[in-house]
Amino acid sequence: DAMVIQNPRYQVTQFGKPVTLSCSQTLNHNVMYWYQQKSSQAPKLLFHYYDKDFNNEADTPDNFQSRRPNTSFCFLDIRSPGLGDAAMYLCATSREWGGRRETQYFGPGTRLLVL
Amino acid sequence: AQTVTQSQPEMSVQEAETVTLSCTYDTSESDYYLFWYKQPPSRQMILVIRQEAYKQQNATENRFSVNFQKAAKSFSLKISDSQLGDAAMYFCAYRSEAAGNKLTFGGGTRVLVKP
């Protein structure tokens, strides 16, 4: 089935040690998103890619970076994780950015623990 | 900036009964979309139902229906004939036509279904 896949599902890292989270999609969608969801809170958009065009949210910390080497894959890099970065990270895709029928498709998330 | 508020952190319902989740939003725009997403424990977020602001008719998807009150900026979700599989976090989300595909989420409501 076409889907959004996130690996790993659980990631443990040490304070200050760089970590990369992975997302892939078989939907061939143009847009990929990364959200941060802290415990019992709403998902918060960090950034999105439209094809290779990167779009950062204004309040996303510099500590968070992203790469999209091709249509299928998108990575979230956290350069120096702090304790406050422990959260669920959700990847999502959509066919286009905008349009009346657009819907986002979410992956299962990666739960990041920072020790 | 748009805000989405879900005033019920948790709702409990008996199996086969009906539960209504509330959502209010604040916007100055006239063209937008509203969504309810379901996030089961340890599983991916999925779209339950969507409503386009220009449509007066309330959306319905099987056991799920909405009560969209545009003037009151209210968008409640009714789950009829509740099933054990309905247990999840439910997020209300807003998307402006002018802001592409960016979603603004409410804080979520946890639905517990009692057998």
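Below: a short report on this structure. (Residues numbered from 1 in each chain as written. Chains lettered and ligands numbered in written order. Predicted model: local features only at pLDDT ≥ 70, side-chain atom pairs only at ≥ 80, totals over all residues. Heavy atoms only, no water.)

## Description of the overall build of chain A
Here is step 1 of the chain: When its secondary structure is counted, chain A shows 0 helices and 11 strands.
Here is step 2 of the chain: Along chain A, helices (α) and strands (β) appear in the sequence β-β-β-β-β-β-β-β-β-β-β when read from the amino end.
Here is step 3 of the chain: Expected size for 115 residues packed as a compact globule is a radius of gyration near 13 Å; at 13 Å, chain A falls within 12% of this value.
Here is step 4 of the chain: Taken across its 115 residues, chain A has 50% of its residues classed as buried.
Here is step 5 of the chain: Of the contacts formed within chain A by residues at least 6 apart in sequence, a portion of 56% connects residues at least 24 apart.
Here is step 6 of the chain: Within the structure as shown, chain A displays about 5600 Å² of accessible surface, and the carbon and sulfur contribution to it stands at 50%.
Here is step 7 of the chain: Charged side chains in chain A number 12 positive and 10 negative. The centres of these two groups are separated by 5 Å. (Helix = DSSP H or I, 4+ residues; strand = E, 2+ residues; numbered from the N terminus. Rg over C-alpha atoms; globule rule 2.2 N^0.38 Å. Buried < 20%, exposed > 50% of the residue type's maximum accessible area, 1.4 Å probe, protein only. Contact = heavy atoms within 4.5 Å. Areas by Shrake-Rupley, 256 points an atom, 1.4 Å probe, with all protein chains shown as cover. Lys, Arg positive; Asp, Glu negative; His and termini not counted. Charge placed at Lys NZ, Arg CZ, Asp CG, Glu CD.)

## Concerning the interface of chain A and chain B
Here is step 1 of the chain: The interface of chain A with chain B comprises 25 residues on the first partner and 24 residues on the second.
Here is step 2 of the chain: Taking both sides of the interface into account, the surface hidden between chain A and chain B amounts to around 1900 Å²; carbon and sulfur atoms contribute 46%.
Here is step 3 of the chain: Between Glu57 of chain A and Lys102 of chain B there is a salt bridge, and its shortest N-O distance comes to 2.5 Å.
Here is step 4 of the chain: For the pair chain A and chain B, the interface holds 9 residue pairs in polar contact (both at pLDDT 80 or more).
Here is step 5 of the chain: Listed by contribution, the elements that provide at least two residues to the side of chain A that touches chain B are strand E4 (31-37) and strand E9 (87-94) of chain A.
Here is step 6 of the chain: Partitioned by chemical class, the residues of the side of chain A that touches chain B number 10 nonpolar, 9 polar and 6 charged. (Buried area = accessible area lost by both parts, 1.4 Å probe. Salt bridge = Lys/Arg side-chain N within 4 Å of Asp/Glu carboxyl O. Polar contact = N/O pair within 3.5 Å; in protein donor to acceptor, adjacent residues only side chain to side chain. Nonpolar A, V, L, I, M, F, W, Y, C, P; charged D, E, K, R; others polar.)

## Observations concerning the packing of aromatic side chains
Here is step 1 of the chain: Taken as a whole and assessed by the stated rule, the structure comprises 18 aromatic pairs over all chains.
Here is step 2 of the chain: With a centroid separation of 6.2 Å and 20° between ring planes, the pair formed by Trp36 of chain B and Phe75 of chain B is classed as stacked. On the criterion of sequence distance, the pair formed by Trp36 of chain B in strand E5 (residues 32-39) and Phe75 of chain B in strand E9 (residues 74-79) is long-range, its members being 39 residues apart. Residue Trp36 of chain B shares its accessibility class with Phe75 of chain B, and that shared class is buried.
Here is step 3 of the chain: Here a set of aromatic residues connected by ring pairs shows up, and it is made of Tyr33, Tyr35, Trp97 and Phe106 of chain A together with Phe35, Tyr37, Phe91 and Phe105 of chain B. (Phe/Tyr/Trp six-rings, centres within 6.5 Å; stacked < 30°, edge-to-face > 60°.)

## Regarding the state of the cysteines
All names here are of chain A.
Here is step 1 of the chain: According to the stated counting rule, one finds 2 disulfides over all chains in the structure shown.
Here is step 2 of the chain: What pairs with Cys23 in a disulfide is Cys91, and their sulfur atoms sit 1.9 Å apart. In this structure, the disulfide formed by Cys23 and Cys91 twists by about -75° around the S-S bond and is classed as left-handed. In this pair, Cys23 sits in strand E3 (residues 19-25) while Cys91 sits in strand E9, placing the two residues 68 residues apart along the sequence. Each of the two residues, Cys23 as well as Cys91, counts as buried. (Disulfide = S-S within 2.5 Å.)

## Re the sheet that holds strand E8 (residues 73-78) of chain A
Residues and elements named next belong to chain A.
Here is step 1 of the chain: Strands sit in the order E1-E3-E8-E7 across an open sheet of 4 strands; the sheet is antiparallel. Each end of this open sheet is capped by a strand with a single partner; those strands are strand E1 (4-7) and strand E7 (64-67). Averaged over all pairs of adjacent strands, the angle between their axes in this sheet comes to 20°, without regard to strand direction.
Here is step 2 of the chain: Here 6 bridges tie E3 to E8, and the two strands are oriented antiparallel to one another. (Pairing = 2+ DSSP bridges. Axes fitted to C-alpha atoms, helices over the stretch in contact; angles between N-to-C directions.)

## Quick word on the nonpolar core
Residue and element names in this part refer to chain B.
Here is step 1 of the chain: Counting residues in hydrophobic clusters, the biggest one holds 25 residues, and the most contacted among them are Tyr25, Trp36, Phe75, Leu77 and Tyr90.
Here is step 2 of the chain: At the level of elements, strand E3 (19-21), E5, strand E6 (46-52), strand E8 (64-69), E9, strand E10 (88-96) and strand E12 (109-114) are the ones that each hand at least two residues to this core.
Here is step 3 of the chain: Looking at this core element by element, the count peaks at 4 residues for E10.
Here is step 4 of the chain: In this view, Tyr25 contacts Thr3, Val4, Tyr32, Leu34, Phe68, Gln69, Lys70, Lys73, Ser74, Phe75 and Tyr94; residues no more than four positions away in its chain are not counted. (Core = buried A, V, L, I, M, F, W, Y, C linked by side-chain atoms within 4.5 Å.)

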